[in-house]
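# Analysis of the macromolecular model
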Protein chains: 2
Amino acid sequence: MLYLDDMQVGTKRSFGRYEVTREEVLDFARRYDPQPFHLSDEAAAETHFGRLAASGWHTCAMTMSMFVAEMAVHPQASLGAAGVDELRWLKPVHPGDVLRCESEILEVKPSRSRPDMGSMRTQTTTYNQHGEPVLRFIALALMRRRPAAG
Amino acid sequence: MLYLDDMQVGTKRSFGRYEVTREEVLDFARRYDPQPFHLSDEAAAETHFGRLAASGWHTCAMTMSMFVAEMAVHPQASLGAAGVDELRWLKPVHPGDVLRCESEILEVKPSRSRPDMGSMRTQTTTYNQHGEPVLRFIALALMRRRPAAG
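Described below are features of the structure shown in this document. Please read these numbers as outputs of a predicted model, since none were measured by experiment.

### As for the relation of the copies chain A and chain B
When chain A is fitted onto chain B, the two copies agree to an RMSD of 0.0 Å after a turn of 180° and an axial shift of 0.0 Å. On this basis, the relationship between the two copies can be described by a two-fold rotation axis. Judged by C-alpha distance, Asp85(A) is the residue of chain A that lies nearest the rotation axis, at 2.5 Å. The overlap is high: 100% of the interface residues of chain A also sit at the interface in chain B, so the same surface is used on both sides.

Okay, structure coming up:
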């Protein structure tokens, strides 16, 4: 288990593989983001998306899925996240795309008021199979500190 | 249809109603964010969540759903969003909660390079049935300008 104390500013990781299917893009869009360019190629062709594109929130969710899978391999004492800054949808994500992630630890800060926890700022970038960044954001994650021995 | 030209800084809107069900919280978590506190009351009880809590990205998706439903009533010439700033998950969202939204237009800016479009910054806050804010973010939305007559 990795605790806040194990985290080093500057550490980079590359992880994840997520195949984007048309069925999943449509499922998510119908339920949460039924805008025309997330529902049909024809409507998307009239916009800068060009063809059917995943909801930006869906891309966030797929990125989270890769992040949690990575945490299953390298468990972290995560307490969830307080928020996200500078989230940018940089390129459309289309059915058939294969996504992967890179993350970098920007800041590690023990809490002053809660000695058992602290926060960490990480920048995550999601890439498509062409190496193009499609999503980038800075997350403010909360983590436990390593329990004292004994 | 509302175009960028129809948008006024300071305009506030209150909209949406979304009942959060246990089944949907679990469905989203299993697929995209299978962390223990999003999967069971027991694991959540050991954290600040207290009991089963929706994934933060799920709360974003539910908020988007209310936003798109509102746009169906008051159609906007939306071109999607470029990104989000200052996203904060302020309180856990639990099964049984009923969410609603308030939004305020912070900035309206015609594009210099693209006379047919522009951008708008809006702050959206999602509240639970107790009037407590659970999510707040500033979105950078892209919109068409009103087509010239004739």
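There's plenty left to go through after this.
### What about helix α3 (residues 56-73) of chain B?
Over its 18 residues, α3(B) extends 26 Å from the first C-alpha to the last, a length consistent with the 26 Å expected when each residue adds 1.5 Å. Capping the start of α3(B) is the job of one residue whose side-chain oxygen sits 3.2 Å from the backbone nitrogen of Trp57(B): Ser55(B).

### A short note on the sheet that holds strand β3 (residues 98-110) of chain A
Taking strand neighbours across the sheet as the criterion, the 10 strands line up as β1(A)-β3(A)-β4(A)-β5(A)-β2(A)-β2(B)-β5(B)-β4(B)-β3(B)-β1(B) in an open arrangement whose pairing is antiparallel. Pairing within the sheet leaves two strands with one partner each, and these edge strands are β1 (12-19) of chain A together with β1 (12-19) of chain B. The mean inter-strand angle of the sheet, taken between neighbouring strand axes irrespective of direction, is 25°. Sheet topology places β1(A) next to β3(A); 6 bridges connect them, and they run antiparallel. Residue pairing in the sheet places Glu19(A) in a bridge with Val98(A) of β3(A). Each of β2 (78-89) and β5 (133-144) of chain A together with β1, β2 (78-89), β3 (98-110), β4 (117-127) and β5 (133-144) of chain B touches α3(B); the most contacted strand, β1(B), lies at about 120° to it.

### Some points on the interface of chain A and chain B
Contacts between the two partners involve 37 residues from chain A and, on the opposite side, 37 residues from chain B. In total, about 3100 Å² of surface goes out of reach between chain A and chain B, with carbon and sulfur atoms giving 59% of it. It is Tyr32(A), Trp57(A) and Trp89(A) that lose the most area in chain A upon contact with chain B, and together they represent 23% of the buried surface on that side. Connecting chain A to chain B are 4 salt bridges. The closest approach of N and O atoms between Asp85(A) and Arg88(B), which form a salt bridge, is 3.1 Å. For the pair chain A and chain B, the interface holds 18 residue pairs in polar contact (both at pLDDT 80 or more). Elements that contribute at least two residues to the side of chain A that touches chain B include exactly α1 (22-32), α3 (56-73), β2 and β5 of chain A.

Cut-offs applied
- Residues numbered from 1 in each chain as written.
- Chains lettered and ligands numbered in written order.
- Predicted model: local features only at pLDDT ≥ 70, side-chain atom pairs only at ≥ 80, totals over all residues.
- Heavy atoms only, no water.
- Least-squares fit on C-alpha atoms with pLDDT ≥ 70 in both.
- Contact = heavy atoms within 4.5 Å.
- Helix = DSSP H or I, 4+ residues; strand = E, 2+ residues; numbered from the N terminus.
- Expected span 1.5 Å × (residues − 1).
- Polar contact = N/O pair within 3.5 Å; in protein donor to acceptor, adjacent residues only side chain to side chain.
- Pairing = 2+ DSSP bridges.
- Axes fitted to C-alpha atoms, helices over the stretch in contact; angles between N-to-C directions.
- Buried area = accessible area lost by both parts, 1.4 Å probe.
- Salt bridge = Lys/Arg side-chain N within 4 Å of Asp/Glu carboxyl O.

What is shown is where atoms sit, not what they do.
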